[in-house]
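# Summary of structural features
Below are the chains, spelled out letter by letter.
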Amino acid sequence: MQSRLRVRGHPIQPMLVTFPLGLFVSAAVFDLTDVAGGPAFLGEVGYWTAVAALVAAALTAVAGMVDLWDVPGDRTRRTAVAFNLVNTVMAAMFLLTCLVRSNSPQRGASAAILITELVALAVGGVGVHLGARLMRQFDTGRAEAGGLETLAGSTVEMSRPRP
């Protein structure tokens, strides 16, 4: 099975997933430093990094929903739905922390916020595991596009995937 949304033959959604995950981890690191007694501005940097991660997660979710449309109704579909739900739970937990922090003047982190973020990252770890399983299931029996001939043509494609 191939993804509907591709860039030069490669699925977009697995590429996009790295942005919110990396930004969520970065936000937690900034908040950990803030809670551990680092400079106060790191809490605000952590807040805005989490906000950027939420925007990236929304874009990734849209790409995931487009790809989910053509997933066959077997074990792969269950894995894809679980993957999207787990990532939604992680994003919802970070959204909750951002909403709590949005009313404070400096948007600094607290121990409770940091613990919530760490739990969200643990949930995200389950999502990474499910994403790796999905990639193995999607790549089964699929020939890799390669060589310099793939550089010609349109950059972003949206097409009906081949079964």
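The following refers to the structure shown. No experiment lies behind these values; they were computed from the predicted model shown.

Attention shifts here to the overall build of the protein chain. Helix and strand content of the protein chain: four helices and three strands. In the protein chain, the order of α-helices and β-strands from amino to carboxyl end is β-β-α-α-α-α-β. For the protein chain, buried positions account for 37% of its 163 residues. Taking as baseline every contact in the protein chain between residues at least 6 positions apart, the subset at least 24 positions apart corresponds to 78%. Summing over all exposed atoms, the protein chain offers an accessible surface of approximately 9100 Å²; the carbon and sulfur share of this is 70%.

With that settled, the discussion passes to the layout of surface pockets. Taken as a whole, the second largest pocket holds about 230 Å³ of empty space. Forming the walls of the second largest pocket are 16 residues, and the residues nearest its centre are Ala57, Thr60, Ala61, Asn87 and Thr88. Counting only elements with at least two residues in the lining of the second largest pocket, the list comes to helix 1 (12-35), helix 2 (41-68) and helix 3 (75-101). Looking at which element gives the most residues to the lining of the second largest pocket, the answer is helix 2, with six residues. A class-by-class count of the residues in the lining of the second largest pocket yields 11 nonpolar, five polar and no charged.

A few words on helix 1. Taking 1.5 Å of rise per residue, the 24 residues of helix 1 would be expected to cover 34 Å, and the 36 Å separating its terminal C-alpha atoms lies within 8% of that figure. Those residues of helix 1 that fall on the buried side of the exposure criterion are Ile12, Gln13, Val17, Pro20, Phe24, Ala27, Ala28, Asp31 and Asp34. Among the residues trailing helix 1, Gly37 stands out with phi positive, at a value near 105°.

Relative to the assigned elements, Leu121 resides in helix 4 (residues 111-139). Sequence separation between Leu121 and Ala28 is 93 residues; the distance between their C-alpha atoms is 8.5 Å. Each residue touching Leu121, except ones within four places of it in the same chain, is listed here: Phe24, Val25, Ala28 and Phe94.

A few words now on the nonpolar core. Phe24, Leu54 and Phe94 are the most contacted members of the largest nonpolar core, which totals 13 residues. Of all the secondary structure elements, the ones that give two or more residues to this core are helix 1, helix 2 and helix 3. Beyond its immediate stretch of four places on either side in the chain, Leu54 contacts Phe24, Ala91, Phe94, Leu95 and Cys98. Listed in part, the eight residues of the second largest apolar core include Phe83, Val86, Leu130 and Leu134.

This part is about the pattern of salt bridges. In a structure, side chains of opposite charge can pair up when their charged atoms sit close to one another. Overall, the coordinates contain two salt bridges when judged by the stated rule. For the salt bridge of Asp31 with Arg101, the shortest nitrogen-to-oxygen distance reads 2.7 Å. Here the residue Asp31 occupies a position in helix 1, and Arg101 occupies one in helix 3, the gap between them amounting to 70 residues. A relative accessible area of 1% places Arg101 in the buried class. As a salt-bridge pair, Arg101 and Glu117 come within 3.4 Å of each other at their nearest N and O atoms.

Once that is clear, we can look at the side chain of Arg101. At 2.5 Å, the side chain of Arg101 forms a polar contact with the backbone oxygen of Gly43. Sequence-distant contacts of Arg101, that is, excluding residues within four places in its chain, are made with Asp31, Gly43, Gly46, Tyr47, Arg107, Gly108, Ala109, Ile113 and Glu117.

It is the contact of helix 1 with helix 2, at a shortest axis distance of 8 Å, that shows an interaxial angle of 160°. Classed by the angle they form, the pair helix 1 and helix 2 counts as roughly antiparallel. Every pair of crossing elements has a handedness; the one defined by helix 1 and helix 2 is left-handed. When the residues that make up the contact of helix 1 with helix 2 are grouped by side-chain class, the tally is 19 nonpolar, eight polar and three charged.

The rules behind the values
Residues numbered from 1 in each chain as written. Predicted model: local features only at pLDDT ≥ 70, side-chain atom pairs only at ≥ 80, totals over all residues. Heavy atoms only, no water. Helix = DSSP H or I, 4+ residues; strand = E, 2+ residues; numbered from the N terminus. Buried < 20%, exposed > 50% of the residue type's maximum accessible area, 1.4 Å probe, protein only. Contact = heavy atoms within 4.5 Å. Areas by Shrake-Rupley, 256 points an atom, 1.4 Å probe, with all protein chains shown as cover. 1 Å grid on protein atoms, 1.4 Å probe; cavity = no way out; pocket = protein on both sides within 12 Å on 5 of 7 lines; lining within 4 Å. Points joined across faces, edges and corners; volume = space filled by probe spheres on them. Nonpolar A, V, L, I, M, F, W, Y, C, P; charged D, E, K, R; others polar. Expected span 1.5 Å × (residues − 1). Core = buried A, V, L, I, M, F, W, Y, C linked by side-chain atoms within 4.5 Å. Salt bridge = Lys/Arg side-chain N within 4 Å of Asp/Glu carboxyl O. Polar contact = N/O pair within 3.5 Å; in protein donor to acceptor, adjacent residues only side chain to side chain. Axes fitted to C-alpha atoms, helices over the stretch in contact; angles between N-to-C directions. Parallel < 35°, antiparallel > 145°, perpendicular 65-115°, else oblique. Left-handed = near helix turned anticlockwise from the far one by under 90°.

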